[in-house]
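# Fold and contact review
Here are the chains, one letter per residue:
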Amino acid sequence: FQQDYFTDENRVLKKDPQQDYHLEYAMENSTHTILAFSRELHTCDTNDKTITESTMRVIWAYHHKDMGEAGQNYHGSNRGTKSLRLLNPEKEEVLSASLPYFDLKNKDVPVPDKDTTYWCQMFKIPVQNEKHHVIKVEPLIQKGHENLVHHILLYQCSSNLNDSVLDYGHECYHPNMPDSFLTCETVIFAWAIGGEGFTYPPHVGLSIGTAADPQFVLMEVHYDNPSYTEGLIDSSGLRLIYTPVLRKYDAGVIEAGLWVSLFHNIPPGMPEFVSEGHCTLECLKEALGAERPAGIHVFAVLLHAHLAGRAIRMRHFHNGEEQKLLAYDDEFDFNFQEFQYLKEERTILPGDNLITECHYSTVDRIRMTWGGLSTRNEMCLSYLLYYPRINLTRCASIPDIMEQLQFIGVKEIYRPVRQTWPFIIKSPKQYKNLSFMDAMNKFKWSKSEGVSYNELVLKLPVNVRCSKTDNAEWSIQGMTALPPEIERPYKTEPVICSSSSCLHCSLFLTLLFVVCATASTIGNTGSFV
């Protein structure tokens, strides 16, 4: 039999008085038990969790014996959990097994015994005699390293390089990093831990083989080694499947959100703190107006933050009027980040602006959290996959720093700033000769001070980042803009609990459990939760 149960804070199973799960199919053989069941997305049952497009944490457990009169058997080690987007499955397209592909893989990289390492390796895209389209990208994660490889970014590099840059890899963002790596700023693909392969829509492909396409690419692999394990050797990477049969459009990627820097910071002890990164009206107006006045079409979004991230939303405004969210994840899981396919493609036009809204919790931290590359630092980014490709690679912002300093009482800093980064403070006395970071950590943060600081930073002028390929910039880059007057934070529409509210919102789930060969008959499959 099958019943709807829930659990409390003591992990005690209780039968739900409102039975919302309905068994659709059941099968058992000598090796497998399969249960297929359905329920409404919004059951309006306080003991059920609403199923949305956000990340859902699915928990499973079973016992090899059926439930008897004494009740539920304890599952022991037969349990697990997985983060999934139940409403955003991978778009599988049946691809010919004969399609060509090439692999971009690190070769025996010695992963240092430190918590965070970014390893960069330059590759040359295999020479094609004519234009082709990459139509699928798959991660190639070395077996046993699923938790070590946190994310992989693929950047397009300057076309003026030569094969001498291919000889070796190097730690990214290191003072001794090869200068050639600095020419690689355009993100053309992003994969993060927990994600699967990505298939482009049938009418879109990533172009390779022409002068405007990537010739040299930099693969950045982020290794997360919090236990400081020694002796790790990794050869992970990506597989790119391509075709000579061209799609209608070339795909592009725009990085939007907060420019990664110390200007982005979060006080300690905050149960809720909101940061915003602006893809400004000014940047989109200049870039789209020059290259694509009819607009671009977004078909997938990757939302990216680190360990303090709790929720991310990509807000879209057209001529100042807010549209439906472009993408969101209200249950953000650091260990599960992947591109979300949009149900309907979204057109971005001149006159639009985008805001990446990130929610954080730092209740377990006693020092400031800084924008930065480590997973213990933070980011607030969205990667937009779109077509047709234009010459816009980054549309982001940096909040003004001086008012942040004034908030903690800083009166004067040593100038010029470039020679004293990160801001050596001159006065007042309690901060004298301290860096910006040290002063922010010295400040006595309370929750009320944190809330006031949050209100301040959301209203600060922003420095516009509006970048092209090959380190070029649109003229708006570096200019100051004011954030738009908007409702903060984004208000989700309330779920109305009525008999009509759940029409067309049924979800059919299939769960597959692998049990021991002595599995009992399906007649009493009460041992699954």
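Just so it is clear, the structure is predicted and the values come from calculations on it, not from any experiment. (Residues numbered from 1 in each chain as written. Predicted model: local features only at pLDDT ≥ 70, side-chain atom pairs only at ≥ 80, totals over all residues. Heavy atoms only, no water.)

### A few points about helix 1 (residues 281–291)
Heads up, the rule is: The buried label applies to any residue whose accessible area, calculated with a 1.4 Å probe on protein chains only, is under 20% of its type's maximum; exposed applies above 50%, and partly exposed to all values in between. For the purposes of this entry, the term helix denotes a DSSP run of H or I that reaches at least four residues, the term strand denotes a run of E that reaches at least two, and both are numbered from the N terminus. Throughout, the arc means that of the directions going from the helix axis to the C-beta atoms. The contact criterion used throughout is that any non-hydrogen atoms of two residues lie within 4.5 Å.
Of all the residues in helix 1, the buried ones are Cys283, Leu284, Ala287 and Leu288. In a view along the axis of helix 1, the buried residues occupy a sector of 100°, so they form one face of it. For helix 1, the exposed residues set more than 90 degrees away from the buried face come down to Lys285 and Ala290. The inward-facing, buried residues of helix 1 contact strand 22 (273–279), strand 23 (296–304), strand 27 (340–348), strand 28 (352–360), strand 31 (394–399) and strand 34 (462–467).

### Notes on the sheet that holds strand 23
To keep it simple, the criterion reads: Strands qualify as paired when DSSP identifies two bridges or more between them.
Pairing is mixed across the open sheet formed by 7 strands, whose spatial order is 27-23-30-20-31-34-35. The open sheet is flanked by strand 27 and strand 35 (480–481), the only strands paired with a single partner. Here 6 bridges tie strand 20 (residues 252–258) to strand 30 (residues 381–387), and the two strands are oriented antiparallel to one another. Its bridge partner being in strand 30, Gly252 is matched across the sheet by Tyr386.

### Digging into the pairing of strand 15 (residues 204–208)
Burial within strand 15 is extensive, with 5 of its 5 residues counted as buried. As judged from the 3 bridges shared by strand 10 (residues 132–140) and strand 15, these two strands associate in the antiparallel manner. Across the sheet, the residue bridging to His132 is Ile208, located in strand 15. Two elements, strand 15 and strand 19 (residues 249–250), share 2 bridges in a ladder whose sense is parallel. Its bridge partner being in strand 19, Gly205 is matched across the sheet by Asp250.

### Quick word on the packing of aromatic side chains
Heads up, the rule is: Two rings from Phe, Tyr or Trp (for Trp, the six-membered ring) form a pair when their centres are within 6.5 Å of each other. A pair whose planes differ by under 30 degrees is stacked, one over 60 is edge-to-face, and the rest are tilted.
This model, assessed by the stated rule, comprises 18 aromatic pairs. Measuring from centroid to centroid gives 5.9 Å for Phe407 and Trp445, while their planes differ by 10°, and the two rings are stacked. Here Phe407 is found in helix 2 (residues 402–407), whereas its partner Trp445 is found in the loop between helix 3 (436–442) and helix 4 (447–457), with 38 residues between them in sequence. By relative accessible area, which is 23% here, Phe407 ends up partly exposed. Three or more aromatic residues link up through ring pairs in this structure, and these residues are Phe189, Phe198, Tyr200, Tyr249, Phe299, Phe339, Tyr341 and Tyr387.

### Observations concerning unusual backbone geometry
Here the residue pair Tyr387 and Pro388 is connected by a cis peptide bond, since its omega of -15° sits within 30 degrees of zero. Secondary-structure assignment places Pro388 in the loop between strand 30 and strand 31. Of note in this structure, Asn319 is not a glycine but carries a positive phi near 50°. Note on placement: Asn319 falls in the loop between strand 24 (309–318) and strand 25 (321–322). Owing to a relative accessible area of 59%, Asn319 belongs among the exposed residues under this scheme. Even without being a glycine, Asn433 presents a positive backbone phi close to 65°. By the element assignment, Asn433 lies in the loop between strand 33 (425–427) and helix 3.

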